[in-house]
Amino acid sequence: MRRILYTAFLGLTCCLAGCGGPSQVSTDQPTTETRPITLTLLHINDHHSHLDAEHVPLLLDTGSKREPITVERGGFSRVTTAMRELAGQSPTVIKIHSGDATTGDLYYTLTEGKADAELMNTICFDSFTLGNHEFDNTDTGIKRLMDHLHSGACKTPMLSANVRFGKSSPLHGAQPPEAILPSVVLDRGGEKIGIIGLTVAGKTKNSSRPNPDTTFADEAETAQQEIDRLRALGVNKIILSTHIGYTMDQALAQNLSGVDVIVGGDSHSLLGPAALRTYGLSPEGPYPTRTTDRDGNPVCITQAWQYGAVVGELRVAFDAKGQVEHCDGTPWVLIGDSFRHQDGAPLNARELAAVKTDITQSRVLRMTRPDPVAEQRLAPYRQAKEAMGAEVVAATADNLCLRRVPGDRRDTSRSTLGDVCNKNPRVNAHGGDIQQIVAEAFLQQGKAFFNADLSLQNGGGVRVDLPPGPITVKDVYTVLPFKNTLVQLNATGQEIKNALEDAVEGVVGPALNTGCYPYAGGLRWQVDLTQPKGKRLSHLEIRAADGNYRPLALEKTYKVATISFLADGNDSFTALKSITGERRIDVGLDYAEAFLQYLENLPGKDKLLKPLPIKDYSTQKFIDTPQ
């Protein structure tokens, strides 16, 4: 009860103190009279320190055919421009970031969030919800990010209604504006708009590094409590800014009363029209996704993909009672205005005209120039990043695809390389190429250090694909951006199987965390998700010195190379946590450095990195749950 009263007091204190800047209002007196209003919500999520644009192929009409054309996509300076231009088209705008601003690129390795904060402050978001990766460097990392965000004039409110900071946390007992708030109330057109932040609970506690005594309350229970509190104060237009994932957002909406809009993050879901497939992109659902709350009232759900590639523009019309009458909008895919064929050749005048017409007719691709102020702020960080990351360490002639879970239903829009990976038969059958290569790299480094028998890696710990071309230090630290070291575990075959079963349960259980899905070097299996926990993995085989596979002996002890994150039992690899004392040895080698050494040891002058043979993929057969 003390916690509930404290949360209510904190939110009210925020309102009275004006911690959200001039657009925030007091809610100390209930309001009964409201008017119809249409809001424009501009939003992003999961930019993960990806502040630079990516060069990617889009299927564009060049006049005679639709073909892959290389374009610049995303880049935070384009997000700034798009937000400014779109905001100029509406009198009632709210700008939302739904979490995971940090971790994923050398910018974070170099600045620990300062570069992200400086770029975010070129937009001045009205709210920022803590994602799970904001906790990757303990609660201190969040405080550091807050200090950077609040160093300028924006003072963006940082939200999470369900986080409970322990006494060891620098955020424990903090008061506005230095507090993480449960919600913020904004004034738009004379109307009060409530925004509530939610952080995915189990995934953050088990898959990131919050302080040990920092906990996370149930998302649905917390959301309803905060909705009820705001509505009692007369706030009848409620937005949830969540970082719990698209599937959980839909389930959450149907279990709540009084929610109007959910602006989500975490699952990196591309939502939008089916026409996106024409351009080589794979939407997971419509933008917005419409559903109802438990009372049958409309709820509109959105998400804006990943890495600053999309700015969502959602228009929501409310009636005089605060009910949603209608919602529509566009997930604007931000691209540049330079185009090249896959061989690097520029487009001729006729092709260029056809491509620009195609983009205009798409009604979802948006040619956007980078904001010059944002570019100026980014310049010194970019220079430092380029100096560190420019060294070429290997090359690949293949698309080394990213995929967490095999099959054609889970996590199938995450690849930045589009459908060349999202619909790749090898990836659908066996999982991500790059995840499998990383697992093999850890095995080989484990062999060098302690004669490892196998390695274990989680699918979510590997962050990006590698396209054909040179592989640089920057690429390696983008693939593996977290702060982990290699660990030796002396585990029995039964403990290994238990850990794998735990990880798969994290995928299909209540958490629905695709990042838990396991990969291994030197170990392979078959997966049947229709079976109960404990029986989903079968035919476990370990690779012998001669390259052939033999059954994993459950009673035998094996030397396992894994990362400190998993050895601590995180990301649902629960069984590994009990392997302690003399059975756990911290190697101390940075895991990105381990991957670098693997690349440096590739044979030949060119050091060519290739997908592994199919026989060495850890998932040999995959059966998903019924639809």
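Whatever comes next refers back to the structure up there.
As a starting point, this report considers the structure included with it. Source: prediction; values computed, not measured.

## Thoughts on the sheet that holds strand β13 (residues 289-292)
Across a sheet, strands are paired by hydrogen bonds formed along the backbone, either parallel or antiparallel in direction. Strand order in this open sheet of six strands is β8-β9-β11-β12-β14-β13, and the pairing throughout is mixed. One side of each edge strand has no neighbouring strand; the edge strands of this open sheet are β8 (183-188) and β13. The mean angle between the axes of side-by-side strands here comes to 25 degrees, regardless of whether they run parallel or antiparallel. The pairing of strand β9 (residues 191-199) with strand β11 (residues 238-243) spans six bridges and is parallel. The partner of Thr-199 across the bridge, within β11, is His-243. The strands that helix α7 (residues 219-232) touches are β8, β9 and β11; relative to β9, the one it contacts most, it runs at about 165 degrees. Sitting on the sheet, helix α8 (residues 246-255) touches β9, β11, β12 (261-263), β13 and β14 (298-302), and the angle it makes with β13 is about 30 degrees.

## Details of the pattern of salt bridges
Under the defined criterion, the tally for this structure stands at 37 salt bridges. One salt bridge in this structure joins Arg-35 and Glu-191, with 3.8 Å as the shortest N-O distance. Placement of Arg-35 in the loop between α1 (2-17) and β1 (37-44) and of Glu-191 in strand β9 is noted, with a sequence separation of 156 residues between them. Between Arg-426 and Asp-433 there is a salt bridge; the shortest N-O distance is 2.8 Å. Classification of Arg-426 as partly exposed rests on a relative accessible area of 25%. By relative accessible area, which is 0% here, Asp-433 ends up buried.

## Focus on the sheet that holds strand β22 (residues 485-492)
In space, the five strands of this open sheet follow the order β23-β20-β27-β22-β28, with mixed pairing throughout. Edge strands, defined here as strands with exactly one partner in the open sheet, are β23 (518-521) and β28 (584-590). Here the average twist between neighbouring strands, direction ignored, is 30 degrees. Two strands pair when backbone bridges link them, and β22 and β28 are joined in this way by four bridges, in the antiparallel orientation. Looking across to β28, one finds that Val-487 is bridged to Asp-586. Across the sheet, helix α15 (residues 493-508) is in contact with β20 (454-458), β22, β23 and β27 (557-563); its angle to β22 comes to roughly 120 degrees. Helix α17 (residues 591-600) rests against β22, β27 and β28 of the sheet, and its axis sits at about 70 degrees to β28.

## Notes on the nonpolar core
Membership of the largest hydrophobic core comes to 71 residues, with the highest contact counts inside it found for Val-479, Leu-480, Leu-523, Trp-525, Phe-595, Leu-599 and Leu-609. Apart from the residues within four sequence positions on either side, Val-479 is in contact with Ile-434, Val-438, Gly-461, Val-462, Arg-463, Val-464, Leu-466 and Phe-595. Counting 45 residues, the second-largest nonpolar core is a separate cluster that includes Leu-39, Leu-230, Leu-271 and Ile-301.

## Notes on the pairing of β9
Across the nine residues that make up β9, a large majority, nine, are buried. The side-chain alternation of β9 yields two buried faces, one formed by Glu-191, Ile-193, Ile-195, Gly-197 and Thr-199 and the other by Lys-192, Gly-194, Ile-196 and Leu-198. Pairing of β8 with β9, which is carried by six bridges, proceeds in the antiparallel orientation. What sits directly across from Asp-187, in β9, is Lys-192. The hairpin turn running from β8 into β9, its antiparallel successor, is two residues long, and Gly-189 in that turn takes a positive phi close to 60 degrees.

## Focus on the environment of Ile-301
Counting through the fold element by element, Ile-301 comes out in strand β14. Taking the C-alpha atoms as reference points, Ile-301 and Ile-262, separated by 39 residues in sequence, lie 4.7 Å from one another. Residue contacts for Ile-301: discarding those within four places in its chain leaves Tyr-246, Asp-249, Gln-250, Ala-253, Ile-262, Leu-271, Pro-288, Thr-289 and Thr-291.

## A short note on unusual backbone geometry
Leave glycine aside and you will find that most residues have negative phi; peptide bonds, for their part, are mostly trans. Geometrically, the link from Pro-176 to Pro-177 is a cis peptide bond, its omega value of 5 degrees lying close to zero. Checked against the element boundaries, Pro-177 lands in the loop between β7 (163-164) and β8. That bond from Tyr-287 to Pro-288 is cis: its omega, -10 degrees, falls within 30 degrees of zero. Secondary-structure assignment places Pro-288 in the loop between β12 and β13. Look at Lys-155: it is not a glycine, yet its phi comes out positive at around 55 degrees. Mapped onto the elements, Lys-155 comes out in the loop between α5 (138-149) and β6 (158-159). In this structure, Lys-607 is a non-glycine residue whose phi angle is positive, near 50 degrees. With respect to the helices, strands and loops of the structure, Lys-607 is situated in the loop between α17 and β29 (619-623).

Analysis parameters
- Per chain, residues are indexed from 1 in the order of the written sequence.
- With the structure being a predicted model, the display of local features is reserved for residues of pLDDT at least 70 and the display and counting of side-chain atom pairs for 80 or more, all residues being used for whole-chain, interface and lining totals.
- Values reported for side chains reflect all heavy atoms of the structure, with hydrogen atoms and water molecules removed beforehand.
- When DSSP locates at least two bridges between a pair of strands, those strands are taken to pair.
- Helix and strand assignments follow DSSP, with helices taken as H or I runs no shorter than four residues and strands as E runs no shorter than two, numbered in order from the N terminus.
- For helices, the axis comes from a line fit to the C-alpha atoms of the stretch in contact; other axes are also lines fit to C-alpha atoms, and the angle between any two N-to-C directions lies between 0 and 180 degrees.
- Whether two residues are in contact is decided by their heavy atoms, any of which lying within 4.5 Å being enough.
- Basic side-chain nitrogens of Lys or Arg form a salt bridge, by our definition, when they fall within 4 Å of a carboxyl oxygen of Asp or Glu.
- The buried label applies to any residue whose accessible area, calculated with a 1.4 Å probe on protein chains only, is under 20% of its type's maximum; exposed applies above 50%, and partly exposed to all values in between.
- We call a set of buried residues a nonpolar core when its members are Ala, Val, Leu, Ile, Met, Phe, Trp, Tyr or Cys and they connect through side-chain atoms within 4.5 Å of each other.

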